[in-house]
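Structural description and commentary
Listed here are the chains, written in short residue letters.
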Amino acid sequence: MSLEQPRRDTRLDRYVDTYAERTHGLKVSAVRALFSVANRPEVVSLAGGMPNISDLPLDIIGSKIGELIATRGTQAMQYGSGQGEEMIREQICEVMALEGITGHPDDITITTGSQQALDLVTRTFVDPGDVVLAEAPSYVGALGTFQAYQAQVVHVAMDSDGLQPDALDAAIRSLRAQGRRVKFLYTIPNFNNPSGILMTLERRHRVAEICREAGVLVVEDNPYGLLSLDADPVPAIRSFDAENVVYLGSFSKTFAPGFRVGWALAPHAVREKLVLAQESATLCPPVFSQFAISTYLATWDWKAQITVFKDMYRARRDAMLDGLAEHMPPGTTWTHPKGGFFVWVTLPEGLDAQALLPRAVTNRVAYVPGTAFYADGLGSRNMRLSFCFPTPERILEGTRRLGEVLDAELEIHAMFGIDSTPHPHDSASGPGPDVI
Amino acid sequence: MTSEKVVVLAGGLSHERDVSLRSGRRAAQALRDVGHDVVELDVSSSLLARLEELGRPVVVPMLHGGAGEDGAIRQALELADVPFVGSTSTSARVAFDKAIATPRVAAAGFATPRQIALPDDMFRELGSPTLVAALGRRLGFPMMVKPARSGSALGCTKVERVEDLPAAMVQAYAYGGVAVVETFVTGTEVAVPVVDLGDGPVALPAVEIRPDSGVYDYTARYTAGATRFLAPAELDQDVADRCAELAVGAHRALGLRDLSRTDLIVDGAGTPVFLEANVAPGMTETSTMPLSMEAAGMDLGHVLSSLVSLARQRGAGA
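Rules of the game
- Residues numbered from 1 in each chain as written.
- Chains lettered and ligands numbered in written order.
- Predicted model: local features only at pLDDT ≥ 70, side-chain atom pairs only at ≥ 80, totals over all residues.
- Heavy atoms only, no water.
- Helix = DSSP H or I, 4+ residues; strand = E, 2+ residues; numbered from the N terminus.
- Rg over C-alpha atoms; globule rule 2.2 N^0.38 Å.
- Buried < 20%, exposed > 50% of the residue type's maximum accessible area, 1.4 Å probe, protein only.
- Areas by Shrake-Rupley, 256 points an atom, 1.4 Å probe, with all protein chains shown as cover.
- Lys, Arg positive; Asp, Glu negative; His and termini not counted.
- Charge placed at Lys NZ, Arg CZ, Asp CG, Glu CD.
- Domains from an automatic or database assignment.
- Contact = heavy atoms within 4.5 Å.
- Buried area = accessible area lost by both parts, 1.4 Å probe.
- Salt bridge = Lys/Arg side-chain N within 4 Å of Asp/Glu carboxyl O.
- Core = buried A, V, L, I, M, F, W, Y, C linked by side-chain atoms within 4.5 Å.
- Polar contact = N/O pair within 3.5 Å; in protein donor to acceptor, adjacent residues only side chain to side chain.
- Pairing = 2+ DSSP bridges.
- Axes fitted to C-alpha atoms, helices over the stretch in contact; angles between N-to-C directions.
- Parallel < 35°, antiparallel > 145°, perpendicular 65-115°, else oblique.
- Left-handed = near helix turned anticlockwise from the far one by under 90°.
- Nonpolar A, V, L, I, M, F, W, Y, C, P; charged D, E, K, R; others polar.
- Phe/Tyr/Trp six-rings, centres within 6.5 Å; stacked < 30°, edge-to-face > 60°.
- 1 Å grid on protein atoms, 1.4 Å probe; cavity = no way out; pocket = protein on both sides within 12 Å on 5 of 7 lines; lining within 4 Å.
- Points joined across faces, edges and corners; volume = space filled by probe spheres on them.

A count of helices and strands for chain B gives 13 helices and 13 strands. The C-alpha atoms of chain B give a radius of gyration of 19 Å, which matches the 20 Å a tight globule of 318 residues would have. Here chain B holds 318 residues, and 59% of them are scored as buried. Just so you have it, chain B exposes about 11,500 Å², and 50% of that area is on carbon and sulfur atoms. Between the mean site of the 29 positive side-chain charges and the mean site of the 39 negative ones, chain B shows a separation of 3 Å.

A word on the domain arrangement of chain B. A common way to express how large an interface is: the accessible area buried when the components associate. All names here are of chain B. Taken domain by domain, chain B comprises domain 1 (5-85 + 306-314), domain 2 (94-111 + 186-298) and domain 3 (115-183). The interface of domain 2 with domain 3 comprises twelve residues on the first partner and twelve residues on the second. Buried area between domain 2 and domain 3, summed over both chains or domains, comes out near 970 Å², and the portion from carbon and sulfur atoms is 54%. Counting the contacts that link domain 2 with domain 3 gives zero salt bridges.

A few words now on the nonpolar core. All names here are of chain A. L133, L168, F251 and M383 are the most contacted members of the largest nonpolar core, which has 106 residues in total. For this core, the leading source of residues is helix α10 (residues 302-327), giving nine residues. Among residues more than four places away in sequence, those in contact with L133 are V154, V156, L168, A171, I172, L175, V182, F184, L185 and Y186.

A separate point is the interface of chain A and chain B. Chain A puts 38 residues into the contact, and the matching count from chain B is 53 residues. Here chain A meets chain B over a buried area of about 3,700 Å², counting both sides, of which 60% is carbon and sulfur. For the pair chain A and chain B, the interface holds four salt bridges. Note that R40 of chain A and D42 of chain B form a salt bridge whose closest N and O atoms lie 3.0 Å from each other. The tally of links between chain A and chain B comes to 17 residue pairs in polar contact (both at pLDDT 80 or more). When contributions to the side of chain A that touches chain B are tallied by element, the ones reaching two or more residues are β1 (8-10), α1 (30-38), α11 (357-362) and α12 (392-416) of chain A. Element by element, the count of residues in the side of chain A that touches chain B is highest for α12 of chain A, at six residues. The pairing of β1 of chain A with strand β11 (residues 227-231) of chain B spans three bridges and is classified as antiparallel. Note on β11 of chain B: the bridge partner recorded for T10 of chain A is F229 of chain B.

Before going further, it helps to spend a moment on the sheet that holds strand β11 (residues 333-334) of chain A. All names here are of chain A. The strand order across the open sheet built from four strands is β11-β12-β15-β14, with neighbouring strands paired in antiparallel fashion. Looking along the sheet, the strands with just one partner apiece sit at the ends: β11 and β14 (368-369). Direction of pairing for β11 relative to strand β12 (residues 342-346): antiparallel, over a ladder of two bridges. When the bridges of β12 are listed, T333 appears paired with T346.

All names here are of chain A. Where helix α4 (residues 113-125) meets helix α5 (residues 140-148), the closest approach of the two axes is 10 Å, and the angle between their N-to-C directions is 30°. Considered as vectors, α4 and α5 are oriented roughly parallel to each other. Taken as a pair, α4 and α5 cross one another with a handedness that is right-handed. Along the contact surface, α4 presents Q115, L118, D119 and T122, while α5 presents G141, A142, T145 and F146. Along the lines of polarity and charge, the residues of the contact of α4 with α5 split into three nonpolar, four polar and one charged.

The next point concerns helix α12 (residues 288-295) of chain B. All names here are of chain B. Counting buried positions along α12 gives seven out of eight residues, so the element sits mostly inside the fold. Buried residues of α12: T288, M289, P290, L291, S292, M293 and A295, and no others. Following α12 by one or two positions, G297 adopts a phi angle in the positive range, close to 75°.

Here the focus is the sheet that holds strand β6 (residues 162-163) of chain A. Residue and element names in this part refer to chain A. Sheet architecture is open: eight strands sit in the order β3-β10-β9-β8-β7-β4-β5-β6, paired in mixed fashion. Strands at the two margins of the open sheet, each flanked by one partner only, are β3 (108-111) and β6. Where strand β9 (residues 245-250) and strand β10 (residues 262-265) come together, four bridges link them in antiparallel fashion. Within β10, the position partnered with Y247 by the bridge is L265.

Attention now moves to the packing of aromatic side chains. All names here are of chain A. The final tally for this structure, using the stated rule, is 17 aromatic pairs over all chains. For the ring pair F251 and W263, a centre distance of 5.1 Å and an interplane angle of 50° mean the geometry is tilted. Remark: W263 occurs in strand β10 and F251 occurs in the loop between β9 and β10; sequence separation between them is twelve residues. The exposure classification of F251 matches that of W263, with both residues buried.

Right, let's get into empty space enclosed by the protein. Residues and elements named next belong to chain A. Under the criterion given, the structure shown has six cavities of 30 Å³ or more. Reported here for the largest cavity is a volume of approximately 80 Å³. Lining the largest cavity are V95, E99, N222, P223, G225, L226, Y247, G249, S250, F251, T254 and W263. Residues belonging to the lining of the largest cavity are distributed by class as follows: six nonpolar, five polar and one charged.

Here it is as structure tokens:
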């Protein structure tokens, strides 16, 4: 063999000097890679935010979709409107009415999941360096979108009643005083991802008022609103403020995420921009998925199906709360969500959820470290546990394993006399789409 | 060209599952490109039955970390009379554990960092403040703290001050019960693959690693563009020769077979210092072994295919 070859000097990426500025922050992370183990059946994954859709009537859906192709296939598999198909926009108005929202089909833009609605809204409003306000903590997928458009995320504190209006007011004033441009507030008032917290009606009114007076748009993301497990429904912010709210909805949690159908309900002028942005991004949202969902809504008792889902999620939520009560070491606290998919755990002082994830994976349990839900590196003492996908038995087992992990970590911390200072982390440690 | 059936084993339950899947995909494709009928399998309770069904073909283990490199899976393959490429379970067990491998390479006459290995229960029994202080005094700063049995730089921390040592130890223990603490070696980071195609182990060209961040951590390893690689490394010929000598020497000292990769640092005096040897070198798009093969004018598929032939000739349990 010949070893006399010219020296190759490479970064293994010939485009490394060509990428846009915003692309440079996109890196592989060890934490993210660990989620690849979390998906193995041996591991109880309390990380994934995937809805459990095994209760859906798959045989009926299958036959309806077959019928759809046979009777309207040439329409359903053709290009469609950039705004989305009219029939589904009308049906979405019925869905939103359940949350007190009066909307017109003309003001709805269909998107590829509400994640794309978030992308279109951010693209429409945000220039690099603009400020987006978000709850602390907030949805990792939204933070990723804001980062991709080079927004600066400023977090606003929450408590058990949701976003704190005084903190919001103070943040807007302070940012304005610094000459910063605040473009919108991003909020998940119903069973916030990751905290599970439900914002009270009084807070919603106050938040809407503050934003309206300050000229700051509200982007209300509501994937979990219809999954209230034992809370009285609280009207959406959009239900009492049609002028200053862009409302994002989704079928991912109430039907199935694989169709990737969501929507944005926006004031007319904004809606026009969103449609143009949608056309430039995709020409039109997936037509077949819209027809499929429209057929489901028209031919199946989807409200009863949501009740089935809620009963299933309630049992899982209760299993998680029982498991945490039994297995968490002293000093650990957690939220008691009345809906949605998630429990937000605060670890005893000194523990770092990101640092102990490898130990958890070794012990065959996984969660998402809290740092993924902050743009500023905070959240090291927190973890998000989801109760949506594993069975109640697996959830109980998962909390047991997690308890062992925390006990071992506490012991080792005590052994080393580790200080209790929270450790900031690189915030680019969020999970992939199967975990969101 | 051959249509011989080969199983590429990748995935597993270790912390490096993601890397292993990437290595497995690339190795599988390289073997297909030279005509093999490749079946890609993950580690599961049905693995041995599946290998039996397939007629016990040669297995190419592309498992990184944990059971993939610590000898456990190889032991199972040996028990099941399945021939495989690479080191035996016994030598994999030795090489994977830095607390065992480093002293063995040192005993063979090669430079290694000074190393102290400590299981976590030692701190429990003897009390941490005394041991931490003693570690600082013995090795000095900066020092490297690593899990004894882990790869891809997971759980590794460079420690500059004694105050930061406990946190680094805790991080290493998150990956396993034994940590090694080593003197930090400053210099040029180099990886030297070794292959043995039947005529004895031969070092391939050294690959020099220059991470943009200054640290060749997980992100620098697996983000394309984040690290500059020079293949062959920009080393004086005598230094390159000594790197090759160290890689082959480590391969022999640890009793490795077929292929390995030794990671080392060339210090300021031009001395190659052993860091670790890998029995399942990464084959990902950003791994050094494929780069080195390319620099040697070798094709990954052909090399793996030759190793498959050797494994078949060796037979099961060998």
